[in-house]
Amino acid sequence: MATPTVEYRAALNREFARADTALLERLKEMLTAEEWPAERAERVRADRRRLFEAVRTLAHVSDPSPALARALWRAQQMRQILPVHPDAPRVKYAAALARCVEELLRHRVPAAAYTCTAERVDLEPLYRRLADAAAERAGELRFAHGDRHLHDWPLSERPGWLRVQRLVQDRQIGMLIVDSADVLVPPAQLHDPGWGREMIEAWLGSCGIRLVCLAGRLPAGGDAR
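Being a predicted model, the structure only gives us computed values, none of them experimental.

Some points on the overall build of the protein chain
Part 1 of the argument: Along the backbone of the protein chain there are eight helices and four strands.
Part 2 of the argument: Secondary structure elements in the protein chain, listed N-terminal to C-terminal, are α-α-α-α-α-β-α-β-α-β-α-β.
Part 3 of the argument: Counting every position in the protein chain, which comprises 225 residues, the buried fraction comes to 36%.
Part 4 of the argument: As displayed, the protein chain offers around 14200 Å² of accessible surface, 55% of which is attributable to carbon and sulfur atoms.

Right, dumping it as structure tokens:
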């Protein structure tokens, strides 16, 4: 049997060098740099919108856990850091932003959806869309209440809305999401729908609940939320 050489025995005892983390990060960036800058810019814009919406929702939490408090602090810091070149953001910036969004969206508030539709409207796709919209804003749809063919009734007399009121009063939700601001406007306020919307939003805000309207103008003429 052949005797091991000195070089062979030395090789067996040699420790491998530690991985060069910085070099690996540069190689990873080079491999992912094939993505078109325009595609990365669009992804960054979408992630910044998600970050903004999640912060708006989770900032309503009255007693955040330490993990949520840290995630909110990091998100607030990230909101202030803009890419040097918005149309061609660096891969490193896009990755850091994505991690921040992912960390923040691990925290969600229970959400309720309210609808007021015609008698024969299929509610399944509507509630599915509301659930997806709530998830994009750090909400988790747990309740869905609605009224059919009662748009001319005052809110206080609609059975579905009364169930939503109980959820609010019992502090069971952190978000109320509706398809349109029109479902919240009582008939007596059609001449001034913004006022009714503001009153409801202020009431929900005082209870620590965010109101999300996917369609409908804000009182000041702004965009839908």
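Additional details are given in the paragraphs that follow.
Side note on the packing of aromatic side chains
Part 1 of the argument: If you walk through the whole model with that rule in mind, you get one aromatic pair.
Part 2 of the argument: Note on Y114 and W161: the rings are 5.2 Å apart at their centroids and 70° apart in plane angle, and the pair reads as edge-to-face. In this pair, Y114 is assigned in strand 1 (residues 109-117) and W161 in helix 7 (residues 159-169), connecting sequence segments 47 residues apart. Here the two residues Y114 and W161 agree in accessibility, since each one is buried.

Some details on the pairing of strand 3 (residues 175-178)
Part 1 of the argument: Neither face of strand 3 is open: one carries M175 and I177, the other L176 and V178, and all of them are buried.
Part 2 of the argument: Sheet topology places strand 1 next to strand 3; four bridges connect them, and they run parallel. Counterpart to A112 in the pairing with strand 3 is L176.

Thoughts on the nonpolar core
Part 1 of the argument: Within the largest apolar cluster, 30 residues are counted, with the highest numbers of intra-cluster contacts made by L51, L58, L97, L104 and I177.
Part 2 of the argument: Among residues more than four places away in sequence, those in contact with L58 are L68, L72, L104, H107, R108, V109 and A138.
Part 3 of the argument: By size, the runner-up hydrophobic cluster in this structure holds 20 residues, among which are C116, I200, L204 and C213.

Observations concerning helix 7
Part 1 of the argument: Looking at helix 7, one finds that the buried residues are G160, W161, V164, L167 and V168. For helix 7, the angular spread of the buried residues around the axis is 110°, confining them to a single face.
Part 2 of the argument: R171 sits one or two positions beyond helix 7 and adopts a positive phi of about 55°.

What to know about the sheet that holds strand 1
Part 1 of the argument: One open sheet accounts for four strands, arranged 2-1-3-4; its pairing is parallel. The sheet is open, and its two borders are formed by strand 2 (139-148) and strand 4 (210-213), each paired with just one other strand. Each strand of the sheet is rotated relative to its neighbour by a mean of 20°, with strand direction disregarded.
Part 2 of the argument: In terms of strand pairing, strand 3 meets strand 4 through four bridges, oriented parallel. Bridge pairing links V178 to C213 in strand 4.

Describing the environment of R129
Part 1 of the argument: Mapped onto the elements of the fold, R129 is located in helix 6 (residues 123-136).
Part 2 of the argument: Discounting chain neighbours no more than four positions away, the residues touching R129 are D179 and L214.
Part 3 of the argument: Reaching out from R129, the side chain makes a polar contact with the side chain of D179 at a distance of 2.3 Å.

With respect to the confidence of the model for the protein chain
A low pLDDT score tells you not to read the predicted coordinates there in detail.
Part 1 of the argument: Model confidence for the protein chain is summarised by a mean pLDDT of 83, while 77% of its residues fall at 70 or above.
Part 2 of the argument: This stretch, residues 217-225, has a pLDDT under 50; its non-local contacts, to residues over four places away or in other chains, come to 21 contacts.

Points about the environment of A41
Part 1 of the argument: Tracing the backbone shows A41 in helix 3 (residues 37-58).
Part 2 of the argument: Spatially, the C-alpha atoms of A41 and P89 are 6.0 Å apart, while their sequence positions differ by 48 residues.
Part 3 of the argument: Not counting the four nearest positions on each side in its chain, A41 is found in contact with P86, D87 and P89.

Parameters and conventions
- Residues numbered from 1 in each chain as written.
- Predicted model: local features only at pLDDT ≥ 70, side-chain atom pairs only at ≥ 80, totals over all residues.
- Heavy atoms only, no water.
- Helix = DSSP H or I, 4+ residues; strand = E, 2+ residues; numbered from the N terminus.
- Buried < 20%, exposed > 50% of the residue type's maximum accessible area, 1.4 Å probe, protein only.
- Areas by Shrake-Rupley, 256 points an atom, 1.4 Å probe, with all protein chains shown as cover.
- Phe/Tyr/Trp six-rings, centres within 6.5 Å; stacked < 30°, edge-to-face > 60°.
- Pairing = 2+ DSSP bridges.
- Core = buried A, V, L, I, M, F, W, Y, C linked by side-chain atoms within 4.5 Å.
- Contact = heavy atoms within 4.5 Å.
- Arc of directions from axis to C-beta.
- Axes fitted to C-alpha atoms, helices over the stretch in contact; angles between N-to-C directions.
- Polar contact = N/O pair within 3.5 Å; in protein donor to acceptor, adjacent residues only side chain to side chain.
- pLDDT = per-residue confidence, 0-100.

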